[in-house]
Amino acid sequence: MAEKPKLHYTRGRGKMESIRWLLAAAGVEFEEEFIEKEDLEKLRNDGSLLFQQVPMVEIDGMKMVQTRAILCYIAGKYNLYGKDLKERAWIDMYVEGTTDLMGMIMALPFQAADVKEKNIALITERATTRYFPVYEKALKDHGQDYLVGNKLSWADIHLLEAILMTEELKSDILSAFPLLQAFKTKMSNMPTIKKFLQPGSPRKPPPDENYVATVMKIFKL
Amino acid sequence: MSEKPRLTYINGRGRMESIRWLLAAAGVEFEEIFLQTREQLLKLGQDGSLMFHQLPLVEIDGMKLVQCRAILSYIAGKYNLYGKDLKERALIDMYVEGISDLMQLILMFPFSPPEAKEKNIATISEKATERYFPVFEKVLKQHGQDFLVGNRFSWADVQLMEAILAVEEKVPSVLSGFPQLQAFKTKMSNMPTIKKFLQPGSPRKPPPDENYVATVMKIFKLD
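Sequence order as written defines the numbering, with residues in each chain counted from 1. Chain labels run from A onward and ligand labels from 1 onward, assigned in the order the entries are written. A pLDDT threshold of at least 70 governs which residues receive local features in this predicted model, and a stricter bar of 80 or more applies before side-chain atom pairs are shown or counted, although totals over entire chains, interfaces and linings include all residues. Side-chain figures throughout are based on the complete set of non-hydrogen atoms in the structure, without hydrogens or water.

1. Points about empty space enclosed by the protein
Step number 1: Both cavities and pockets are sets of points on a 1 Å grid over the protein atoms alone; in a cavity a 1.4 Å probe fits but cannot get out, in a pocket the set is open with protein on both sides within 12 Å along at least five of seven lines, and lining residues sit with an atom within 4 Å of a point. Grid points are joined across faces, edges and corners, and a volume is the space filled by probe spheres set on the points. Here the structure, examined in full by the defined rule, presents three cavities of 30 Å³ or more.
Step number 2: Volume-wise, the largest cavity comes out at about 110 Å³.
Step number 3: If you go around the largest cavity, you meet 16 residues; those closest to its centre are A:R68, A:C72, B:R69, B:S73 and B:E97.
Step number 4: Under the scheme used here, helices are H or I runs from DSSP no shorter than 4 residues and strands are E runs no shorter than 2 residues, and both carry numbers assigned from the N terminus. When residues of the lining of the largest cavity are traced back to their parent elements, those giving at least two are helix 3 (67–77) and helix 4 (85–107) of chain A together with helix 3 (68–78) and helix 4 (86–108) of chain B.
Step number 5: Note that Gly is not counted as nonpolar here; it falls among the polar residues with everything else outside the nonpolar set of Ala, Val, Leu, Ile, Met, Phe, Trp, Tyr, Cys and Pro and the charged set of Asp, Glu, Lys and Arg. A per-class count over the lining of the largest cavity returns nine nonpolar, one polar and six charged.
Step number 6: One number sums up the size of the second largest cavity: a volume of about 40 Å³.
Step number 7: Looking at the lining of the second largest cavity, the elements with two or more residues in it are helix 1 (17–25) and helix 6 (154–169) of chain A.
Step number 8: Broken down by element, the lining of the second largest cavity gets its largest block of residues, four residues, from helix 6 of chain A.
Step number 9: Domain boundaries shown here were taken from an automatic or database domain assignment. Split by domain, the lining of the second largest cavity shows at least three residues from each of two domains, domain 1 (6–78 + 197–219) and domain 2 (85–189) of chain A.

As structure tokens, then:
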């Protein structure tokens, strides 16, 4: 019997959340080790972290690090990475876009109040003029339920995560994007994702002051 | 006859250089368009050529690819530089991502204020010699092979070679504690495609200077 993947990170979203989303959407159960300060030192000292950093995911006999590498592996393993090189290229492009958008949002809790306010305005602008129009158009052009190849892929899961994260910032962010609204509804009703969106799932809450303090302490920022 | 890939960027390294390295190492000839004004960039955005209104842009196999990693992954896959299976791909991805973090420091360096430059070089040196290079030194030592993954030339080797040379430009003695990496650098330099890329007149771009920084600030409107 195959072991469950084991995720090593702090108890919060951060860079691990996209990995939790992807595993959950793929219907893969996993375990989590939530690290405190001593744990990070221990992991570093016993050679478990290739570049001394988390996220780290133990999967298939490997101790994988680097968020993107981990996500690419999971996507490939669970057939969420398209059917050929060209579909993979499209998925990669879409995911890089949502990664940039979510990266901006993830940085917010660590910013000073005035910088944060400016960036929230920038994020809103980018979401509605640079990123969401791309995905709205993709869905409109082919009229299918999924972004690439008429089949669920990593790109769809990542987009849903990005939509929900942006909505937490501005609840009506999808008001000009009818197809993304429909996409959000369809995706949220997929059994594995529906389960992940329910209380008690491995999904982590939005970052609060407590989380920020923990991260600053553990990663010595 | 298939068309050559066409690269659109500014005339400098930036985020396009890793792509030039990979195509060159794979022995693939390509064309380049160098933007000189912000208007040219905006026009590309308006005519739908740039998915997220950003460069780099690589036109290849009928696609307008953007986003460095997507472009590099496609090239690596197409030219068999991405390992033989999912696990080798995972190793290559991990190595490339790590090196990419180191290269990010170098990418940002020209844009740091003069008073921060000395500290930034120290950071680059520290990260290279304490976090990144030891990993690859160990990998090469443990399997005793010429290449990082699967005893076969891959994207990871090209990326590491680019990083070694880039760091050496800032910290000339950076490889002094890494005999395996020194041997690796020599072997890579002598591979025909890479040797050609390292010669004058190749598409390889020079280290960024003030002119390059000014062009980037102007075209990408960074402030």
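2. Brief notes about the pairing of strand 4 (residues 63–66) of chain B
All names here are of chain B.
Step number 1: A pair of strands is considered paired only if DSSP assigns at least 2 bridges between the two. Two strands pair when backbone bridges link them, and strand 3 (residues 57–60) and strand 4 are joined in this way by four bridges, in the antiparallel orientation. Residue pairing for strand 4: V58 is matched across the bridge by L65.
Step number 2: Counting the residues in the hairpin turn of strand 3 and strand 4 gives two residues, including D61, whose phi is positive at 50 degrees.

3. A look at the UniProt feature "domain: GST N-terminal" (unreviewed entry) in chain A
Step number 1: UniProt positions are given in the numbering used here, feature names are shortened, and annotations may be inferred rather than shown by experiment. As recorded in UniProt, the feature "domain: GST N-terminal" (unreviewed entry) lies at residues 3–82 of chain A.
Step number 2: Between the C-alpha atoms that bound residues 3–82 of chain A the distance is 26 Å, and the span itself is 36% helix and 20% strand.

4. Describing the interface of chain B and chain A
Step number 1: Tallying the contact residues gives 31 residues for chain B and 33 residues for chain A.
Step number 2: When two parts are brought into contact, each loses some accessible area as probed by a 1.4 Å sphere; the total of that loss over both is the buried area. Taken over both partners, the interface formed by chain B and chain A buries close to 2900 Å², and the fraction arising from carbon and sulfur atoms is 66%.
Step number 3: Take a side-chain nitrogen of Lys or Arg and a carboxyl oxygen of Asp or Glu: if they are within 4 Å of each other, that pair is a salt bridge. Here chain B is connected to chain A by one salt bridge.
Step number 4: As a salt-bridge pair, A:R68 and B:E97 come within 3.5 Å of each other at their nearest N and O atoms.
Step number 5: Here a polar contact is taken to be a pair of N or O atoms separated by no more than 3.5 Å, where protein atoms must pair a possible hydrogen donor with a possible acceptor and residues adjacent in sequence count only if both atoms sit in side chains. Viewed at the interface, chain A and chain B are joined by seven residue pairs in polar contact (both at pLDDT 80 or more).
Step number 6: Mapped by element, the contributors of at least two residues to the side of chain B that touches chain A are strand 4, helix 3, helix 4 and helix 5 (114–143) of chain B.
Step number 7: At 10 residues, the largest contribution of residues to the side of chain B that touches chain A is made by helix 4 of chain B. Two residues form a contact once any of their heavy atoms are found within 4.5 Å.

5. Section: the domain arrangement of chain B
Residue and element names in this part refer to chain B.
Step number 1: Split by domain assignment, chain B resolves into domain 1 (4–77 + 196–218) and domain 2 (84–189).
Step number 2: Contact with domain 2 buries area across many residues of domain 1, yet R15, W21 and R69 alone supply 32% of it, more than any other trio.
Step number 3: In this assembly, domain 1 and domain 2 are joined by three salt bridges.
Step number 4: Linking R204 and E169 is a salt bridge whose minimum nitrogen-to-oxygen distance equals 3.9 Å.
Step number 5: At the boundary of domain 1 with domain 2, the tally comes to five residue pairs in polar contact (both at pLDDT 80 or more).
Step number 6: Broken down by secondary-structure element, the contributors of at least two residues to the side of domain 1 that touches domain 2 are helix 1 (17–25), helix 3 and helix 9 (210–220).
Step number 7: Here the element with the most residues in the side of domain 1 that touches domain 2 is helix 1; it accounts for five residues.
Step number 8: Along the lines of polarity and charge, the residues of the side of domain 1 that touches domain 2 split into 12 nonpolar, three polar and five charged.

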